[in-house]
Amino acid sequence: MSLEYRICTRCIMDTSDPEISFDESGACNHCRQHDRFIADHVPVGEEAESQLKALVQRIKEKGKGKKYDCIIGLSGGVDSTYVALLVKRLGLRPLAVHLDNGWNSELAVQNVENIVNKLGFDLYTIVINWEEFKALQLAYLKAGVVDLEATSDHAIVATMYKLGKEHDIHFVIGGTNFATESILPKSWYYQRKDDLVNLKDILKKFGSGIKLKTFPTLGFPKLVYYNIFHRVEWISILNLVSYIKEDVKNEIKEVLNWKDYGGKHHESIITKFYQSYILPQKFGYDKRRAHLSSLICSGQITRAEALAEMDANVYKNKEELENDIEYIIKKLGISRQEFDDIITGEKREHDSFRNDLWQRKLFYGSIDLLKSFKRKFGK
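Starting from 1, residues in each chain are numbered consecutively following that chain's sequence as written. Per-residue local features are limited, in this predicted model, to residues with pLDDT of at least 70; the limit for side-chain atom pairs, both in listing and counting, is 80 or more; totals at the level of whole chains, interfaces and linings are taken over all residues. Hydrogens and water molecules were not included; the side-chain quantities draw on all heavy atoms of the structure.

1. What to know about the overall build of the protein chain
(1) Moving on: In terms of helices and strands, the protein chain carries 16 helices and five strands.
(2) Moving on: Across its three principal directions, the C-alpha atoms of the protein chain cover 60 × 50 × 45 Å.
(3) Moving on: Working rule for contacts: check all heavy atoms of both residues, and any pair within 4.5 Å makes them a contact. Here the contacts in the protein chain between residues at least 6 apart in sequence split such that 79% fall between residues at least 24 apart.
(4) Moving on: Values of accessible area rely on a 1.4 Å probe in the Shrake-Rupley scheme; residue burial ignores everything except the protein chains shown. A total accessible area of about 19400 Å² is found for the protein chain, and carbon and sulfur atoms account for 51% of it.
(5) Moving on: Positive residues here are Lys and Arg, negative ones are Asp and Glu, while His and the chain termini are left out of the count. The location of each charge is read from NZ of Lys, CZ of Arg, CG of Asp or CD of Glu. In the protein chain, 55 positive and 53 negative side-chain charges are present, and the distance between their average locations comes to 7 Å. Only DSSP runs of H or I covering at least 4 residues are called helices, and only runs of E covering at least 2 are called strands; the numbering of each starts at the N terminus.

2. Let's talk about the sheet that holds strand β3 (residues 122–127)
(1) Moving on: The pairing criterion is simple: DSSP has to find at least two bridges between the two strands. Ordered in space as β3-β2-β1-β4-β5, the five strands form an open sheet in which the pairing is parallel. Of all the strands in the sheet, the pair left with one neighbour each is β3 and β5 (233–236). Across the sheet, the mean angle separating the axes of adjacent strands is 30 degrees when strand polarity is ignored.
(2) Moving on: Bridge analysis of strand β2 (residues 94–100) against β3 gives six bridges, and the strand direction is parallel. The residue of β3 that forms the bridge with Leu 95 is Asp 122.
(3) Moving on: Across the sheet, helix α6 (residues 150–167) lies against β1 (70–73), β2, β3, β4 (171–174) and β5, angled at about 150 degrees from β2, the strand it touches most. All axes are obtained by fitting lines to C-alpha atoms, using only the stretch in contact for helices, and the reported angles, taken between N-to-C directions, cover 0 to 180 degrees.

3. Quick look at the side chain of Gln 300
(1) Moving on: Of note, Gln 300 is situated in the loop between α12 (287–297) and α13 (303–311).
(2) Moving on: Leave out the neighbours within four places in its chain, and Gln 300 touches Ala 179, Thr 180, Tyr 243, Ile 244, Lys 245 and Leu 295.

4. Side note on the packing of aromatic side chains
(1) Moving on: To pair, rings of Phe, Tyr and Trp, with the six-membered ring standing in for Trp, must have centres within 6.5 Å; the planes then decide the type, stacked if under 30 degrees apart, edge-to-face if over 60, and tilted in the middle. Per the counting criterion, the structure on display carries 19 aromatic pairs.
(2) Moving on: Ring centres of Phe 273 and Tyr 277 lie 5.3 Å apart, and the angle between their planes is 20 degrees; this geometry places the pair in the stacked category. In this pair, Phe 273 and Tyr 277 both sit in helix α11 (residues 269–283), four residues apart, roughly one turn of the helix.
(3) Moving on: For the exposure calls, accessible area comes from a 1.4 Å probe over protein chains only, and a residue counts as buried if that area is under 20% of its type's maximum, exposed if over 50%, partly exposed in between. Residue Phe 273 is classed as buried on the basis of its relative accessible area, which comes to 0%.
(4) Moving on: Judged by its relative accessible area of 15%, Tyr 277 is buried.
(5) Moving on: Taken together, the ring pairs in this structure connect Tyr 161, Tyr 225, Tyr 226, Phe 229 and Trp 234 into an aromatic cluster.

5. Some remarks on a positive patch on the surface
(1) Moving on: There is a patch of like positive charges on the surface, built from Lys 200, Lys 204, Lys 211, Lys 222 and Arg 354.
(2) Moving on: Checked against the element boundaries, Lys 204 lands in helix α8 (residues 196–206).
(3) Moving on: The exposure class assigned to Lys 204 is exposed, which follows from its relative accessible area of 71%. To count toward a patch, a residue needs a relative accessible area above 30% and no salt bridge. Like charges then connect within 9 Å, nonpolar side chains (Val, Leu, Ile, Met, Phe, Trp, Tyr) within 5 Å. Salt bridges are counted wherever a side-chain nitrogen of Lys or Arg sits within 4 Å of a carboxyl oxygen of Asp or Glu.

6. Here we look at a nonpolar patch on the surface
(1) Moving on: On the surface, Tyr 225, Ile 228 and Phe 229 cluster together to form a nonpolar patch covering roughly 350 Å² of accessible area.
(2) Moving on: Mapped onto the elements, Phe 229 comes out in helix α9 (residues 220–229).

7. Digging into the pairing of β4
(1) Moving on: As paired strands, β1 and β4 are joined by two bridges and run parallel to one another. Opposite Ile 71, over in β4, you have Val 172 as the bridge partner.

8. Details of helix α14 (residues 318–332)
(1) Moving on: Helix span, as expected, comes to 1.5 Å for every residue beyond the first. Across its 15 residues, α14 extends 21 Å between first and last C-alpha, which sits within 8% of the 21 Å expected from 1.5 Å per residue.
(2) Moving on: Of all the residues in α14, the buried ones are Leu 321, Asp 324, Ile 325, Ile 328, Ile 329 and Leu 332. Across the axial projection of α14, the buried residues extend over an arc of 125 degrees, all falling on one side. Turned more than 90 degrees off the buried face of α14, the exposed positions are Glu 319 and Lys 330.
(3) Moving on: Those residues of α14 hidden inside the fold are in contact with α5 (130–143), α11 and α15 (336–344). Arc, as used here, means the arc of the directions from the helix axis to the C-beta atoms.

9. Some thoughts on the state of the cysteines
(1) Moving on: Two cysteine sulfur atoms form a disulfide, by the criterion used here, when they sit within 2.5 Å. Under the definition given, this model contains zero disulfides.
(2) Moving on: Left without a disulfide partner, Cys 31 is nearest to the cysteine sulfur of Cys 11, which lies 3.5 Å away.

10. A few points about unusual backbone geometry
(1) Moving on: The phi angle at Asp 168 is positive, at roughly 55 degrees, despite the residue not being glycine.
(2) Moving on: If you trace the backbone, Asp 168 turns up in the loop between α6 and β4.
(3) Moving on: Classification of Asp 168 by relative accessible area gives partly exposed; the value is 34%.

11. Describing helix α4 (residues 106–119)
(1) Moving on: With 14 residues, α4 extends 20 Å from end C-alpha to end C-alpha; this agrees with the ideal 20 Å at 1.5 Å per step.
(2) Moving on: For α4, every residue scored as buried is listed here: Ala 108, Asn 111, Val 112, Asn 114, Ile 115, Val 116 and Leu 119.
(3) Moving on: Summarising the contacts, the buried residues of α4 are in contact with α3 (78–89), β2, β3 and α10 (245–256).

12. Let's talk about the pairing of β2
(1) Moving on: Most of β2 is tucked away: six of the seven residues are buried.
(2) Moving on: Alignment of β1 against β2, held across four bridges, turns out to be parallel. When the sheet's bridge partners are listed, Ile 72 is paired in β2 with Ala 96.
(3) Moving on: In this region the chain leaves β1, passes through α3 and returns to the parallel neighbour β2; the handedness of that crossover is right-handed. For crossovers, right-handed means that the path from the first strand over the helix to the second runs clockwise, given strands pointing away from the viewer.

Fair warning: the whole summary comes from geometry, so function is off the table for now.
Encoded structure:
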(Lines give C-alpha, C1' and ligand atoms only; values in the text may rest on other atoms or scores of the structure.)
Protein backbone atom coordinates (compact mmCIF):
# COMPACT_ATOMS: atom_id res chain seq x y z
CA MET A 1 0.00 0.00 0.00
CA SER A 2 1.42 3.39 -1.00
CA LEU A 3 2.03 5.99 1.69
CA GLU A 4 0.14 9.27 1.75
CA TYR A 5 2.61 11.88 0.51
CA ARG A 6 4.58 13.59 3.22
CA ILE A 7 7.83 15.55 3.30
CA CYS A 8 10.22 16.16 6.20
CA THR A 9 9.96 19.53 7.92
CA ARG A 10 13.73 19.76 8.41
CA CYS A 11 15.25 18.27 5.23
CA ILE A 12 13.48 17.41 1.96
CA MET A 13 13.30 13.63 2.23
CA ASP A 14 9.80 12.40 1.53
CA THR A 15 7.68 9.29 1.08
CA SER A 16 9.51 8.37 -2.12
CA ASP A 17 11.51 6.46 0.51
CA PRO A 18 8.99 3.73 1.42
CA GLU A 19 10.68 3.18 4.81
CA ILE A 20 10.71 6.80 5.95
CA SER A 21 9.28 7.70 9.34
CA PHE A 22 8.55 11.02 11.04
CA ASP A 23 8.64 12.19 14.64
CA GLU A 24 6.07 14.41 16.36
CA SER A 25 7.74 17.55 14.96
CA GLY A 26 7.62 16.23 11.40
CA ALA A 27 11.37 15.58 11.14
CA CYS A 28 12.32 12.30 9.48
CA ASN A 29 14.44 9.36 10.57
CA HIS A 30 17.19 10.38 8.11
CA CYS A 31 17.72 13.68 9.95
CA ARG A 32 17.97 11.88 13.27
CA GLN A 33 20.35 9.33 11.79
CA HIS A 34 22.50 12.13 10.39
CA ASP A 35 22.76 13.71 13.83
CA ARG A 36 23.78 10.39 15.40
CA PHE A 37 26.40 9.73 12.71
CA ILE A 38 27.93 13.17 13.17
CA ALA A 39 27.96 12.85 16.95
CA ASP A 40 29.46 9.35 16.90
CA HIS A 41 31.82 9.43 13.92
CA VAL A 42 32.82 12.98 13.03
CA PRO A 43 35.29 14.59 15.45
CA VAL A 44 35.81 18.35 15.40
CA GLY A 45 38.51 20.80 16.37
CA GLU A 46 41.55 19.47 18.20
CA GLU A 47 40.13 15.95 18.34
CA ALA A 48 39.81 15.83 14.54
CA GLU A 49 43.34 17.19 14.11
CA SER A 50 44.69 14.63 16.57
CA GLN A 51 42.95 11.72 14.85
CA LEU A 52 44.11 12.88 11.42
CA LYS A 53 47.71 13.26 12.61
CA ALA A 54 47.66 9.77 14.18
CA LEU A 55 46.13 8.27 11.03
CA VAL A 56 48.75 9.82 8.74
CA GLN A 57 51.50 8.59 11.04
CA ARG A 58 50.11 5.04 10.94
CA ILE A 59 49.89 5.09 7.15
CA LYS A 60 53.44 6.39 6.79
CA GLU A 61 54.82 3.86 9.27
CA LYS A 62 53.10 0.95 7.52
CA GLY A 63 54.27 2.21 4.13
CA LYS A 64 57.95 2.64 4.96
CA GLY A 65 60.21 1.25 2.27
CA LYS A 66 57.33 0.80 -0.20
CA LYS A 67 56.57 2.73 -3.38
CA TYR A 68 53.04 3.55 -2.19
CA ASP A 69 51.57 3.84 1.30
CA CYS A 70 47.91 4.10 0.32
CA ILE A 71 45.41 3.78 -2.55
CA ILE A 72 42.95 6.46 -3.58
CA GLY A 73 40.07 6.17 -6.03
CA LEU A 74 39.98 8.98 -8.57
CA SER A 75 36.79 9.53 -10.56
CA GLY A 76 37.43 13.19 -11.21
CA GLY A 77 34.44 14.18 -9.07
CA VAL A 78 34.58 16.70 -6.22
CA ASP A 79 35.09 14.22 -3.37
CA SER A 80 37.83 12.10 -4.95
CA THR A 81 39.61 15.19 -6.29
CA TYR A 82 39.74 16.77 -2.84
CA VAL A 83 40.99 13.51 -1.33
CA ALA A 84 43.83 13.55 -3.87
CA LEU A 85 44.72 17.12 -2.89
CA LEU A 86 44.55 16.30 0.82
CA VAL A 87 46.82 13.24 0.68
CA LYS A 88 49.36 15.26 -1.29
CA ARG A 89 49.38 17.97 1.37
CA LEU A 90 49.66 15.34 4.11
CA GLY A 91 52.80 13.92 2.50
CA LEU A 92 51.31 10.53 1.61
CA ARG A 93 52.35 8.49 -1.44
CA PRO A 94 49.17 7.17 -3.06
CA LEU A 95 48.54 4.96 -6.04
CA ALA A 96 45.58 6.63 -7.78
CA VAL A 97 43.03 4.24 -9.28
CA HIS A 98 40.54 5.22 -11.97
CA LEU A 99 37.73 3.14 -13.50
CA ASP A 100 37.24 3.33 -17.25
CA ASN A 101 33.98 1.49 -17.87
CA GLY A 102 33.36 3.11 -21.24
CA TRP A 103 31.14 5.89 -19.86
CA ASN A 104 33.63 8.60 -18.86
CA SER A 105 32.75 12.09 -20.03
CA GLU A 106 35.47 13.95 -21.90
CA LEU A 107 35.61 16.45 -19.04
CA ALA A 108 36.21 13.66 -16.52
CA VAL A 109 39.14 12.35 -18.56
CA GLN A 110 40.61 15.86 -18.70
CA ASN A 111 40.12 16.43 -14.96
CA VAL A 112 41.73 13.11 -13.98
CA GLU A 113 44.73 13.67 -16.24
CA ASN A 114 45.14 17.19 -14.92
CA ILE A 115 44.92 16.07 -11.28
CA VAL A 116 47.54 13.32 -11.49
CA ASN A 117 49.90 15.51 -13.54
CA LYS A 118 49.69 18.46 -11.15
CA LEU A 119 50.03 16.28 -8.04
CA GLY A 120 52.63 13.92 -9.48
CA PHE A 121 50.72 10.71 -8.72
CA ASP A 122 50.97 7.37 -10.50
CA LEU A 123 47.64 6.40 -12.08
CA TYR A 124 46.32 2.87 -12.47
CA THR A 125 43.35 2.76 -14.83
CA ILE A 126 40.96 -0.18 -14.72
CA VAL A 127 39.89 -0.60 -18.33
CA ILE A 128 36.77 -2.79 -18.34
CA ASN A 129 36.15 -5.01 -21.36
CA TRP A 130 33.27 -3.18 -23.02
CA GLU A 131 31.41 -6.23 -24.34
CA GLU A 132 31.42 -7.82 -20.87
CA PHE A 133 30.39 -4.61 -19.16
CA LYS A 134 27.70 -3.81 -21.71
CA ALA A 135 26.19 -7.27 -21.22
CA LEU A 136 26.30 -6.84 -17.45
CA GLN A 137 24.67 -3.41 -17.46
CA LEU A 138 22.00 -4.51 -19.90
CA ALA A 139 21.25 -7.52 -17.68
CA TYR A 140 20.75 -5.19 -14.69
CA LEU A 141 18.53 -2.89 -16.71
CA LYS A 142 16.40 -5.75 -18.04
CA ALA A 143 16.21 -7.37 -14.60
CA GLY A 144 14.63 -4.19 -13.25
CA VAL A 145 16.87 -4.01 -10.18
CA VAL A 146 17.53 -0.62 -8.64
CA ASP A 147 21.31 -0.47 -8.38
CA LEU A 148 22.85 -0.22 -11.85
CA GLU A 149 25.92 1.37 -10.25
CA ALA A 150 26.67 -1.85 -8.36
CA THR A 151 28.29 -3.13 -11.55
CA SER A 152 30.97 -0.41 -11.48
CA ASP A 153 31.27 -0.37 -7.69
CA HIS A 154 31.97 -4.11 -7.63
CA ALA A 155 34.83 -3.75 -10.12
CA ILE A 156 36.35 -0.83 -8.21
CA VAL A 157 36.29 -2.56 -4.82
CA ALA A 158 37.66 -5.80 -6.30
CA THR A 159 40.53 -3.91 -7.92
CA MET A 160 41.36 -1.99 -4.74
CA TYR A 161 41.80 -5.24 -2.81
CA LYS A 162 43.82 -6.81 -5.63
CA LEU A 163 46.17 -3.84 -5.90
CA GLY A 164 46.50 -3.65 -2.14
CA LYS A 165 47.76 -7.20 -2.01
CA GLU A 166 50.02 -6.85 -5.07
CA HIS A 167 51.73 -3.69 -3.76
CA ASP A 168 51.49 -4.53 -0.05
CA ILE A 169 49.31 -1.48 0.63
CA HIS A 170 47.06 -1.62 3.69
CA PHE A 171 45.05 1.60 3.40
CA VAL A 172 42.40 2.71 0.90
CA ILE A 173 41.47 6.37 1.33
CA GLY A 174 38.02 7.11 -0.06
CA GLY A 175 35.88 10.18 -0.62
CA THR A 176 32.79 9.04 1.28
CA ASN A 177 31.77 11.47 3.99
CA PHE A 178 28.93 12.33 6.34
CA ALA A 179 28.91 16.06 5.53
CA THR A 180 27.52 15.58 2.01
CA GLU A 181 26.50 11.91 1.90
CA SER A 182 24.95 11.04 5.24
CA ILE A 183 21.50 10.41 3.77
CA LEU A 184 20.59 7.67 1.30
CA PRO A 185 17.62 5.33 1.81
CA LYS A 186 18.56 1.65 1.85
CA SER A 187 15.81 0.88 -0.66
CA TRP A 188 17.49 3.12 -3.25
CA TYR A 189 20.60 0.95 -3.69
CA TYR A 190 22.02 -2.53 -3.07
CA GLN A 191 24.08 -2.55 0.10
CA ARG A 192 26.27 -5.59 -0.61
CA LYS A 193 28.28 -4.16 -3.50
CA ASP A 194 30.73 -7.09 -3.37
CA ASP A 195 28.00 -9.72 -3.79
CA LEU A 196 29.32 -11.75 -6.71
CA VAL A 197 26.58 -14.38 -6.40
CA ASN A 198 23.91 -11.72 -7.02
CA LEU A 199 25.81 -10.14 -9.88
CA LYS A 200 26.34 -13.45 -11.68
CA ASP A 201 22.75 -14.61 -11.22
CA ILE A 202 21.37 -11.39 -12.70
CA LEU A 203 23.77 -11.78 -15.63
CA LYS A 204 22.80 -15.43 -16.07
CA LYS A 205 19.06 -14.74 -16.10
CA PHE A 206 19.03 -11.54 -18.16
CA GLY A 207 22.38 -11.44 -19.92
CA SER A 208 23.27 -12.26 -23.49
CA GLY A 209 25.28 -15.35 -22.64
CA ILE A 210 28.59 -13.53 -22.33
CA LYS A 211 30.81 -14.76 -19.50
CA LEU A 212 32.84 -12.46 -17.27
CA LYS A 213 36.37 -13.44 -18.25
CA THR A 214 38.26 -10.23 -17.44
CA PHE A 215 35.79 -8.22 -15.33
CA PRO A 216 37.28 -7.64 -11.82
CA THR A 217 35.30 -9.68 -9.29
CA LEU A 218 35.39 -10.03 -5.53
CA GLY A 219 32.70 -12.02 -3.72
CA PHE A 220 32.43 -12.82 -0.04
CA PRO A 221 34.86 -15.79 0.13
CA LYS A 222 37.59 -13.72 -1.55
CA LEU A 223 36.77 -10.80 0.75
CA VAL A 224 37.31 -13.06 3.77
CA TYR A 225 40.58 -14.27 2.25
CA TYR A 226 41.85 -10.72 1.78
CA ASN A 227 40.89 -9.75 5.32
CA ILE A 228 42.68 -12.75 6.79
CA PHE A 229 45.84 -12.71 4.68
CA HIS A 230 46.09 -9.07 3.62
CA ARG A 231 43.98 -6.76 5.71
CA VAL A 232 43.03 -3.46 4.07
CA GLU A 233 41.69 -0.55 6.09
CA TRP A 234 39.17 1.72 4.35
CA ILE A 235 39.50 5.33 5.49
CA SER A 236 36.96 8.15 5.11
CA ILE A 237 39.46 10.97 5.50
CA LEU A 238 36.94 13.71 4.70
CA ASN A 239 35.26 13.02 8.06
CA LEU A 240 38.44 14.26 9.76
CA VAL A 241 38.53 17.68 8.07
CA SER A 242 36.10 20.54 7.59
CA TYR A 243 34.26 19.64 4.40
CA ILE A 244 32.18 22.46 2.96
CA LYS A 245 31.29 21.48 -0.59
CA GLU A 246 31.23 24.92 -2.23
CA ASP A 247 34.49 25.94 -0.54
CA VAL A 248 36.09 22.70 -1.71
CA LYS A 249 34.90 23.25 -5.27
CA ASN A 250 36.43 26.71 -5.32
CA GLU A 251 39.70 25.39 -3.91
CA ILE A 252 40.16 22.55 -6.39
CA LYS A 253 39.25 24.88 -9.25
CA GLU A 254 41.96 27.27 -8.16
CA VAL A 255 44.67 24.77 -7.22
CA LEU A 256 44.04 21.95 -9.72
CA ASN A 257 42.19 23.78 -12.51
CA TRP A 258 39.28 21.40 -11.91
CA LYS A 259 36.18 21.87 -14.07
CA ASP A 260 32.64 21.39 -12.70
CA TYR A 261 30.22 18.84 -14.22
CA GLY A 262 27.06 20.56 -13.03
CA GLY A 263 25.85 17.73 -10.79
CA LYS A 264 26.93 15.10 -8.29
CA HIS A 265 28.54 12.10 -10.07
CA HIS A 266 27.91 13.66 -13.49
CA GLU A 267 31.51 12.90 -14.42
CA SER A 268 30.08 9.59 -15.69
CA ILE A 269 27.59 9.74 -18.57
CA ILE A 270 25.73 6.62 -17.44
CA THR A 271 25.64 7.68 -13.77
CA LYS A 272 24.19 11.06 -14.69
CA PHE A 273 21.53 9.39 -16.85
CA TYR A 274 20.81 6.66 -14.28
CA GLN A 275 20.36 9.17 -11.44
CA SER A 276 18.60 11.85 -13.47
CA TYR A 277 16.26 9.74 -15.60
CA ILE A 278 16.14 5.99 -14.90
CA LEU A 279 15.78 6.19 -11.12
CA PRO A 280 13.06 8.86 -11.12
CA GLN A 281 11.15 7.48 -14.11
CA LYS A 282 11.23 3.77 -13.26
CA PHE A 283 11.55 3.70 -9.48
CA GLY A 284 10.32 7.13 -8.35
CA TYR A 285 13.63 7.93 -6.62
CA ASP A 286 15.51 11.19 -7.15
CA LYS A 287 18.94 11.01 -5.56
CA ARG A 288 19.18 14.79 -5.56
CA ARG A 289 16.67 14.70 -2.71
CA ALA A 290 19.07 12.66 -0.55
CA HIS A 291 22.17 14.62 -1.57
CA LEU A 292 20.51 17.97 -0.87
CA SER A 293 19.08 16.72 2.43
CA SER A 294 22.58 15.77 3.55
CA LEU A 295 23.72 19.32 2.81
CA ILE A 296 20.75 20.76 4.71
CA CYS A 297 21.50 18.67 7.78
CA SER A 298 25.18 19.65 7.73
CA GLY A 299 24.22 23.32 7.49
CA GLN A 300 25.63 23.92 4.01
CA ILE A 301 22.40 24.97 2.30
CA THR A 302 18.93 25.97 3.43
CA ARG A 303 15.81 23.91 2.95
CA ALA A 304 14.40 26.62 0.66
CA GLU A 305 17.52 26.45 -1.53
CA ALA A 306 17.21 22.67 -1.75
CA LEU A 307 13.55 22.83 -2.75
CA ALA A 308 14.38 25.39 -5.42
CA GLU A 309 17.07 23.10 -6.82
CA MET A 310 14.62 20.20 -6.88
CA ASP A 311 12.26 22.34 -8.98
CA ALA A 312 14.95 22.73 -11.63
CA ASN A 313 15.24 19.92 -14.16
CA VAL A 314 18.62 18.24 -14.55
CA TYR A 315 18.04 18.29 -18.29
CA LYS A 316 17.61 21.85 -19.53
CA ASN A 317 15.19 20.84 -22.27
CA LYS A 318 13.66 17.83 -24.02
CA GLU A 319 16.25 17.94 -26.81
CA GLU A 320 19.13 17.48 -24.36
CA LEU A 321 17.36 14.51 -22.77
CA GLU A 322 16.59 12.93 -26.13
CA ASN A 323 20.22 13.32 -27.20
CA ASP A 324 21.34 11.45 -24.09
CA ILE A 325 18.76 8.70 -24.62
CA GLU A 326 19.88 8.24 -28.21
CA TYR A 327 23.51 8.12 -27.15
CA ILE A 328 22.79 5.59 -24.38
CA ILE A 329 20.74 3.18 -26.50
CA LYS A 330 23.20 3.35 -29.39
CA LYS A 331 26.13 2.57 -27.10
CA LEU A 332 24.22 -0.28 -25.46
CA GLY A 333 23.10 -1.62 -28.84
CA ILE A 334 19.37 -1.63 -28.15
CA SER A 335 16.36 -0.10 -29.90
CA ARG A 336 14.22 2.73 -28.55
CA GLN A 337 11.39 0.25 -28.04
CA GLU A 338 13.66 -2.02 -25.98
CA PHE A 339 14.70 0.97 -23.90
CA ASP A 340 11.10 2.05 -23.33
CA ASP A 341 10.23 -1.53 -22.31
CA ILE A 342 13.05 -1.41 -19.75
CA ILE A 343 11.74 1.83 -18.25
CA THR A 344 8.15 0.59 -18.03
CA GLY A 345 9.05 -3.02 -17.23
CA GLU A 346 8.80 -4.97 -13.99
CA LYS A 347 10.79 -3.86 -10.97
CA ARG A 348 12.55 -6.59 -8.98
CA GLU A 349 14.42 -6.66 -5.69
CA HIS A 350 18.10 -7.61 -5.82
CA ASP A 351 17.40 -10.25 -3.18
CA SER A 352 14.85 -11.93 -5.46
CA PHE A 353 17.94 -13.27 -7.23
CA ARG A 354 20.51 -15.61 -5.73
CA ASN A 355 22.78 -13.79 -3.29
CA ASP A 356 25.50 -14.39 -0.74
CA LEU A 357 23.55 -13.46 2.40
CA TRP A 358 23.56 -17.07 3.60
CA GLN A 359 27.37 -17.15 3.34
CA ARG A 360 27.67 -14.01 5.44
CA LYS A 361 25.21 -15.24 8.05
CA LEU A 362 27.00 -18.58 8.29
CA PHE A 363 30.43 -16.96 8.57
CA TYR A 364 29.54 -14.26 11.10
CA GLY A 365 27.29 -16.66 13.00
CA SER A 366 30.25 -19.03 13.35
CA ILE A 367 32.45 -16.16 14.57
CA ASP A 368 29.85 -15.17 17.18
CA LEU A 369 29.52 -18.79 18.26
CA LEU A 370 33.28 -19.11 18.65
CA LYS A 371 33.45 -15.92 20.70
CA SER A 372 30.63 -17.15 22.92
CA PHE A 373 32.43 -20.48 23.37
CA LYS A 374 35.65 -18.71 24.37
CA ARG A 375 33.83 -16.47 26.85
CA LYS A 376 32.19 -19.50 28.44
CA PHE A 377 35.09 -21.96 28.48
CA GLY A 378 38.19 -19.85 27.81
CA LYS A 379 40.53 -18.45 30.37
